Amino acid sequence: MDASSSAAPAPVPVASPAPAVTPAPATSPQAATVAASTSRAAALARQIGRPARLLVGLGSGNPEASVQAQGLRPDVVDAYLVGVGPDAWPTWSSPAGSYVNLVAERADRQGAVPMLTLYQMASNGDGNLAGIADATFMAGYWANVRLMFQRLAMFDKPVLVNVEPDFWGYVERQAPDGDPARMPARVSIDADCAGQPDNVTGIAGCVLQMARKYAPKAAIGFPPSDWGAGTPAEVAAFALKAGLQHGDFLVMQTLDRDAGCFEVRAAECSRAGTGWYWDDAAYAAHLALARNWHDATGLPLVWWQTPLGVPASTPGGTDHWRDNRMQYFLTRPQDLVAVGGLGVVFGAGAAGQTTIDTDGGQYKRLSEAYLAAPAPLP
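Predicted model, so just to flag it, every value in this text is computed and none were measured. (Residues numbered from 1 in each chain as written. Predicted model: local features only at pLDDT ≥ 70, side-chain atom pairs only at ≥ 80, totals over all residues. Heavy atoms only, no water.)

Engineer: Before we move on, can you summarise the sheet that holds strand β5 (residues 218–222) with the specific residues and values?
Structural biologist: Taken in spatial order, the eight strands of this closed barrel run β1-β2-β3-β4-β5-β6-β7-β8, and their pairing is parallel. Adjacent strand axes in the sheet meet at a mean angle of 30°, parallel and antiparallel pairs treated alike. Summarising the sheet, strand β2 (residues 76–82) and strand β3 (residues 113–119) pair through seven bridges and their orientation is parallel. In the sheet register, valine 82 faces β3, and the bridge partner there is tyrosine 119. Taken strand by strand, helix α7 (residues 200–214) contacts β4 (159–163) and β5, and its axis lies near 170° from that of β5. Docked against the sheet, helix α10 (residues 280–297) engages β6 (249–252) and β7 (301–306), running at close to 160° with respect to β6. (Pairing = 2+ DSSP bridges. Helix = DSSP H or I, 4+ residues; strand = E, 2+ residues; numbered from the N terminus. Axes fitted to C-alpha atoms, helices over the stretch in contact; angles between N-to-C directions. Contact = heavy atoms within 4.5 Å.)

Engineer: Any details on the pairing of β3? Residues and values, ideally.
Structural biologist: Of all seven residues that make up β3, six are buried, and the element is covered over most of its length. Where β3 and β4 come together, four bridges link them in parallel fashion. Looking at β4, one finds that leucine 118 is bridged to valine 163. Running through helix α5 (residues 135–155), the crossover from β3 to the neighbouring parallel element β4 is right-handed. (Buried < 20%, exposed > 50% of the residue type's maximum accessible area, 1.4 Å probe, protein only. Right-handed = clockwise from strand over helix to strand, strands pointing away.)

Engineer: Could you give an account of the pattern of salt bridges, with specific residues and numbers?
Structural biologist: One pass over the full model with this rule turns up 17 salt bridges. We note a salt bridge from aspartate 75 to arginine 53, for which the minimum N-O separation is 2.8 Å. Separated by 22 residues along the polypeptide, aspartate 75 in the loop between α3 (64–69) and β2 and arginine 53 in the loop between α2 (39–47) and β1 (55–58) bring together distant segments of the chain. Across the pair, exposure class does not vary: aspartate 75 and arginine 53 are buried alike. A salt bridge links lysine 157 to aspartate 108; its shortest N-O distance comes to 2.7 Å. (Salt bridge = Lys/Arg side-chain N within 4 Å of Asp/Glu carboxyl O.)

Engineer: Summarise the environment of serine 188; cite the residues concerned and give the values.
Structural biologist: Checked against the element boundaries, serine 188 lands in the loop between α6 (167–174) and α7. Overall, the relative accessible area of 35% leaves serine 188 in the partly exposed class. In sequence terms serine 188 and cysteine 206 are 18 residues apart; their C-alpha atoms lie 8.6 Å from each other. Setting aside anything within four residues of it in sequence, one finds serine 188 in contact with Cys193, Gln196 and Asp198.

Engineer: Describe the state of the cysteines, naming the residues involved and giving the relevant values.
Structural biologist: A full pass over the atoms with the stated rule returns two disulfides. Paired by a disulfide, cysteine 193 and cysteine 206 hold their sulfur atoms 2.0 Å apart. Between cysteine 193 and cysteine 206, the S-S torsion sits near -65°, and that sign places the bridge as left-handed. In this pair, cysteine 193 is assigned in the loop between α6 and α7 and cysteine 206 in helix α7, connecting sequence segments 13 residues apart. Residue class for cysteine 193 comes out buried when judged on its relative accessible area of 0%. Residue classification places cysteine 206 among the buried positions, given a relative accessible area of 0%. Disulfide pairing places cysteine 261 opposite cysteine 269 at an S-S distance of 2.0 Å. Judged by the torsion about the S-S bond (90°), the cysteine 261/cysteine 269 disulfide is right-handed. Both residues of the pair, cysteine 261 and cysteine 269, belong to the buried class. Across the protein chain, the way the bonded cysteines pair up, counted in sequence order, is 1-2, 3-4. (Disulfide = S-S within 2.5 Å.)

Engineer: Kindly report on the layout of surface pockets, identifying the contributing residues and their values.
Structural biologist: Taken as a whole, the largest pocket spans an internal volume of roughly 910 Å³. The wall of the largest pocket is formed by 32 residues, among which Trp227, Gln253, Leu255, Asp256 and Arg271 lie closest to the centre. Those elements that place two or more of their residues in the lining of the largest pocket are β2, α6, α10 and β7. It is α10 that provides the largest number of residues to the lining of the largest pocket, a total of four residues. Across the lining of the largest pocket, the residue classes break down as 14 nonpolar, ten polar and eight charged. (1 Å grid on protein atoms, 1.4 Å probe; cavity = no way out; pocket = protein on both sides within 12 Å on 5 of 7 lines; lining within 4 Å. Points joined across faces, edges and corners; volume = space filled by probe spheres on them. Nonpolar A, V, L, I, M, F, W, Y, C, P; charged D, E, K, R; others polar.)

Engineer: Can you lay out the environment of alanine 204 for me, pointing to particular residues and giving the numbers?
Structural biologist: Within the element layout of this structure, alanine 204 appears in helix α7. In this structure alanine 204 comes out as buried when scored by relative accessible area, which is 1%. Each C-alpha atom of the pair alanine 204 and glutamine 245 lies 9.7 Å from the other, and the pair is 41 residues apart in sequence. For alanine 204, the contacting residues outside a window of four places in its chain are Trp168, Phe222, Ala242 and Leu244.

Engineer: Residues and numbers for helix α8 (residues 232–242), please.
Structural biologist: If you check which residues of α8 are buried, you get Val235, Ala236, Phe238, Ala239 and Ala242. Buried residues in α8, looked at end-on, bunch into an arc of 160°, giving them a common side. On its buried side, α8 packs onto α6, α7 and α10. Downstream of α8 by one or two residues, glycine 243 has phi in the positive range, about 85°. (Arc of directions from axis to C-beta.)

Read these as geometric descriptors, not functional statements.
Right under this line is the structure:
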């Protein structure tokens, strides 16, 4: 799975002019005041062996060979663990579960902290939560979680674990009155989940219980979904009910594909909606959401699966799609720190999205400029 080519990739032309995002002033409103609890971000950075500055990483779709060829220095490298059943991630290499060690060691070779995204709840279909009340499904689920942490214990170095993107949003939509304690789940059937309640709050509790038992060097993060309820405050209230604040960080998301892909309604981006491409107002609204969640939970924030698209003046794209989230984040890093940020990881949520091989060198240029003058964590 690791390519061996060391040749530098050819430059990729930008299809249309790339308007710059206006740099934030030195004393932007977002950066003017930093809550004292933000120092938890610096503590977690030290815990995982990274410097006390906003961390920058890469996720799915960015090959190790390309990272090496471009001379990149990501702080974090993310990979998915998908599924429950005969084709699930424990079967992807031999012996069972060793895929965890392969991807962790790949990140380590790049000088990065591994980030594992556990994505098992979608095994029965996106938004289908019937499995959480099924003893057979959940027995397999918990066996996989335990195996993941056992393999991380063998790795024996710091790692970030992102627990079940989308799942928490669907629970919030489907639980009676949005209360996770009123949604039954088979939890205590596993010996390592003893003492946890048999509802969705027990799922977060058992993941943390297993992590502390088997892989104490793992930092655990949960990803609330901003579409799970009507307001940021409601999502924050749900996160507290579900016990997500007992993790080590919160996982933030912006968009799981490039904005331009949604603008032209490509096959893999057929979701309805508008306003995919950010302006300053959308950026400010996202920062307000992030600050709300940080203040409610007290946890540092890690942005994950942030698109790598390149700013352009026209919608869509050609050999890559347009997007401007990377340019906002890496030219205004102090804004992320000010709302509780620990780091931002850039990656694709589907095939056919922009990567470091097709971004015309944007990630290399912006990440290197950022690292030359990083945003410190208080």
